[in-house]
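Observations on the three-dimensional arrangement
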Amino acid sequence: MGSRAAGHLEPVPAAATPGRATFLELFFDLVYVFALTRISARAFEDLTREPGREHGWGTVTGGGKTLLLLLALWAVWQGTAWTTSRYDPYRVPLQTVVLTALVGSMVMGVAVPRAFSETALMFAVAYVVAQLTRPLILSVALGAHPYRRLKVRMAVIYAVSGVLWIGGAMLPTNAQVVLWSAALAFEYLAARCGWPVPGLGRSTISKWEIAGEHLAERYQQFFLVALGETILVAGFAYSAGPYEAGHVWAFALALATSIMLWRIYVQRAGRILGEAVMKARHPATIGRSAADTHLLMVIGLAATAIGYELIINHPLERIPGPWLAMVLGGPALFLAGRARLEYEVFGRVSPSRWIALAVLVASSVPLLFLPGVIATAVGVVVLAAVAVVDARRAHGAPPEAAAPPF
């Protein structure tokens, strides 16, 4: 590491253009391939555990709890990605942060299936350690730098929320859900408000320095992680057999759906997000907005993966509403997030996005009376139509430049 290991840590300049993501960051991402499969497996179990349960309130509460776990995993990943985009990721303190987050995320992933019962404390402690050690390590590494006050404030916030996380893990399920939801909301609001702490002040996000292209690349990589998880789920579900015609069609349509999701994302906004971040007057502002956008798309991909497993296992059966919500709602959430990404990069939204969303919503009622594989086919056709419209608009025209509205 040479000279990089010496002296106090310094934030990267706002106009810095660092290299690609480090091998350690990509290694960190691999943990999330596993963690996301556990999220999908938990949701699938909630939807199919008891006969008739898919029609009841238990499905809604089970889905809400699974979403809570996904948001916690995302919070650890996002905090780590922002850190490596603000400081030199080759420095020892940063590598310590990433390795701690890696271990914590792996433990959280292992705990996901029973996170509201026997592994609750495991999940909570892993989360708190991953979140709290980051600002503590950085507050020491920064020395007398003005950003040290920000890290101290973040440490205070995470210490307070950590009480809710660990305390909730020791309570019955309903109370646990309330406390964990309150902890996540508290952390989210604190981040939005500049990590305010009485006596220590607060900060303004527009003044934060980040390596914009690096952060944009990290969001793109996490999207690919989530997209790869959809492929894994489809492959695992189909490989369990049987290999009859309905299952073959369901598997083929699942693969086609993932291909369409990739094609829509990269055409063109997803490809030049880094350029948009660098052109923005306040890169941290568009970086924060892109975080919410990618979270929405990742939730959509997770729901889509759950839909794959449901339909591959029950291709010719009529599916209940909650199952259809996964099959069509997943692509719909992705399209909504992709529309927002288009606005962040170009300052406009293509009509095809809203038309596709309307078609998915309108088709949901008749699809309740048809085999599940038909619902998957409708999703593929709608996504393919959006991809074709995007390709036709770009054909023969010069590449559109980023024009962020921030």
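The coordinates are above.
Structural notes, computed from the coordinates. Computed from a prediction, not measured in an experiment: that's the story for all the values here. Within each chain, residues carry numbers counting from 1 in the order of the written sequence. In view of the model being predicted, local features appear only for residues whose pLDDT reaches at least 70, and side-chain atom pairs are presented and counted only at 80 or more, with totals across whole chains, interfaces and linings using the full set of residues. With hydrogens and water stripped out, all remaining heavy atoms of the structure feed into the side-chain values.

A few words on the packing of aromatic side chains. Aromatic rings from Phe, Tyr and Trp, taking only the six-membered ring of Trp, are treated as a pair when their centres fall within 6.5 Å; an angle between ring planes under 30 degrees marks them as stacked, one over 60 as edge-to-face, and anything in between as tilted. Enumeration according to the criterion identifies 16 aromatic pairs in this entry. Each ring, one from Trp74 and one from Tyr219, has its centre 6.5 Å from the other, and the planes form 20°; the classification is stacked. Linking Trp74 in helix 2 (residues 57-84) with Tyr219 in helix 7 (residues 212-239), this pair joins segments that are 145 residues apart in sequence. Between Trp77 and Phe222 the ring centres are 4.6 Å apart and the planes differ by 50°, which places this aromatic pair in the tilted class. With Trp77 in helix 2 and Phe222 in helix 7, this pair connects stretches of sequence that are 145 residues apart. Comparing Trp77 with Phe222, the two get one shared label, buried. An aromatic cluster is built from Phe28, Tyr32, Trp74, Trp77, Tyr219 and Phe222, whose rings are joined through pairwise contacts. The rule is short: NZ of Lys or CZ of Arg within 6 Å of the ring centre and within 35 degrees of the ring normal puts a charge over the ring. The lysine or arginine in question, Lys65, covers the ring of Phe116, its NZ or CZ lying 5.5 Å from the ring centre. For the purposes of this entry, the term helix denotes a DSSP run of H or I that reaches at least four residues, the term strand denotes a run of E that reaches at least two, and both are numbered from the N terminus. Accessibility here uses a 1.4 Å probe with only protein chains present; expressed as a share of the type maximum, an area under 20% marks a residue as buried, one over 50% as exposed, and anything in between as partly exposed.

So, on to helix 11 (residues 321-346). A helix is expected to span 1.5 Å for every residue after the first. Its 26 residues give helix 11 an end-to-end C-alpha distance of 36 Å, which sits within 8% of 38 Å, the value for a rise of 1.5 Å per residue. In the stretch just after helix 11, Gly347 is the one whose phi turns positive, near 75°.

Another aspect to go through is unusual backbone geometry. Of note, the bond from Gly241 into Pro242 is cis; its omega dihedral lies within 30 degrees of zero at -5°. For Pro242, the location among the structural elements is in the loop between helix 7 and helix 8 (245-266). A cis amide bond, omega -10°, links Gln267 with the succeeding residue Arg268. With respect to the element layout, Arg268 can be found in the loop between helix 8 and helix 9 (273-279).

Another aspect to go through is the nonpolar core. Membership of the largest hydrophobic core comes to 104 residues, with the highest contact counts inside it found for Phe123, Trp165 and Trp180. If one sorts the elements of this core by residue count, helix 10 (residues 283-313) sits on top with 15 residues. Should any heavy atoms of two residues lie within 4.5 Å, those residues are considered in contact. With near-sequence residues (within four places) excluded, Trp180 lies in contact with Leu68, Leu69, Ala115, Phe116, Ala120, Phe123, Ala124, Leu164, Trp165, Gly168 and Ala169. Nine residue types can take part in a nonpolar core, namely buried Ala, Val, Leu, Ile, Met, Phe, Trp, Tyr and Cys, and a core is a set of them joined through side-chain atoms within 4.5 Å. One finds Ile157, Tyr158, Ala190 and Trp195 within the second-largest nonpolar core, a separate group that totals eight residues.

Geometry of a packed helix pair, given as the angle between the helix axes and the separation of the axes. In contact at an axis separation of 9 Å, helix 8 and helix 13 (residues 372-394) are set at 25° when each is read in the N-to-C sense. Viewed along their axes, helix 8 and helix 13 adopt a mutual orientation that is roughly parallel. Along this stretch, helix 8 crosses helix 13, giving a crossing that reads as left-handed. Contacts between helix 8 and helix 13 pair Gly246, Trp249, Ala250, Leu253, Ala254, Ala256, Thr257, Met260, Leu261, Arg263 and Ile264 from the former with Val373, Thr376, Ala377, Val380, Leu383, Ala384, Val386, Ala387 and Asp390 from the latter. Split by residue class, the contact of helix 8 with helix 13 holds 15 nonpolar, three polar and two charged. With axes taken as lines fitted to C-alpha atoms, and helix axes fitted only over the stretch in contact, angles between N-to-C directions fall between 0 and 180 degrees. We call two directions roughly parallel when the angle between them is under 35 degrees, roughly antiparallel when it is over 145, roughly perpendicular when it lies between 65 and 115, and oblique otherwise. For a crossing to be left-handed, the near helix must be turned anticlockwise from the far one by less than a right angle; the clockwise case is right-handed. Gly is put with the polar residues, along with every residue not named as nonpolar or charged; the nonpolar set is Ala, Val, Leu, Ile, Met, Phe, Trp, Tyr, Cys and Pro, and the charged set is Asp, Glu, Lys and Arg.

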